[in-house]
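# Breakdown of the fold
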Amino acid sequence: MRKEHERLIQDKDRQVYWKRWGPYLSERAWGTVREDYSANGDAWNYFTHEHATCRAYRWSEDGIAGCANRHQLICLAPALWNGQDPILKERLFGLTGSEGNHGEDVKECYFYLDNTPTHSYMKALYKYPQREFPYQRLVEENRKRTRLDPEFELTDNRHL
């Protein structure tokens, strides 16, 4: 922690800008009010996950375990592909408010494991199925359920 303490002092004194880069990238920007240009204010249906794979954002960016400079002028995140999916895995998948039986819900397995205050060290874990990601099945199963039923999660899919 001594080295990290030194880095924090350097950043505070503006000798070295340790916090210029960090995990400042949103996990999910699609379907948010910030990117809503719909006539009726329905952000979830205006900018869906499916749209996010082929549309540019105006005010934000997203990515799995992504990093950005503090002004989000430069954004970096991995793009994954398991050899089975029809798209590159670039952002978290989730259900919109009308698709999920308990409202909006991200359907992924990811964890933030460690991070220093200056972001000189960051560690995350993302669990990506080696079979085709069940995008459609997650939507269909959750639409069938009522608010009283449990959510259908990624881990409930036996085909993984």
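Here goes a summary of the coordinates provided. In this text, all values refer to a predicted model and were calculated from it rather than measured experimentally. (Residues numbered from 1 in each chain as written. Predicted model: local features only at pLDDT ≥ 70, side-chain atom pairs only at ≥ 80, totals over all residues. Heavy atoms only, no water.)

### Overview of the pattern of salt bridges
The line we're drawing: Salt bridges are defined as contacts in which a side-chain nitrogen from Lys or Arg sits within 4 Å of a carboxyl oxygen from Asp or Glu. Using a 1.4 Å probe on the protein chains alone, a residue whose accessible area is under 20% of its type maximum counts as buried, one over 50% counts as exposed, and one in between counts as partly exposed. Helix numbering and strand numbering both begin at the N terminus, where a helix is a DSSP run of H or I of at least 4 residues and a strand a DSSP run of E of at least 2.
One pass over the full model with this rule turns up eleven salt bridges. For D105, the salt bridge is made with K107, and the minimal N-O distance between the two is 2.6 Å. As far as the burial class goes, D105 and K107 line up, both buried. The salt bridge involving E151 is made with K107; its shortest N-O contact spans 3.5 Å. Taken as a pair, E151 in the segment after helix 4 (135–144) and K107 in the loop between strand 5 (105–106) and strand 6 (109–115) lie far apart in primary sequence, 44 residues in all. Look at the salt bridges and you will find they share partners, linking D105, K107, E151 and E153 into a network.

### What to know about the sheet that holds strand 3 (residues 75–76)
Condition: By the convention used here, strands pair only if DSSP detects at least 2 bridges between them.
Spatially, three strands are ordered 1-2-3 in an open sheet, and the strand pairing comes out antiparallel. The sheet is open, and its two borders are formed by strand 1 (21–22) and strand 3, each paired with just one other strand. By the bridge criterion, two bridges tie strand 2 (residues 67–69) to strand 3 in an arrangement that is antiparallel. Its bridge partner being in strand 3, A68 is matched across the sheet by C75.

### Re unusual backbone geometry
One non-glycine residue, R14, lies in positive phi territory at about 60 degrees. You can see R14 is positioned in the loop between helix 1 (2–12) and strand 1. Residues other than glycine seldom take positive phi values, yet Q72 does so here, at roughly 55 degrees. In this structure, Q72 sits in the loop between strand 2 and strand 3. A relative accessible area of 23% means that Q72 is categorised as partly exposed.

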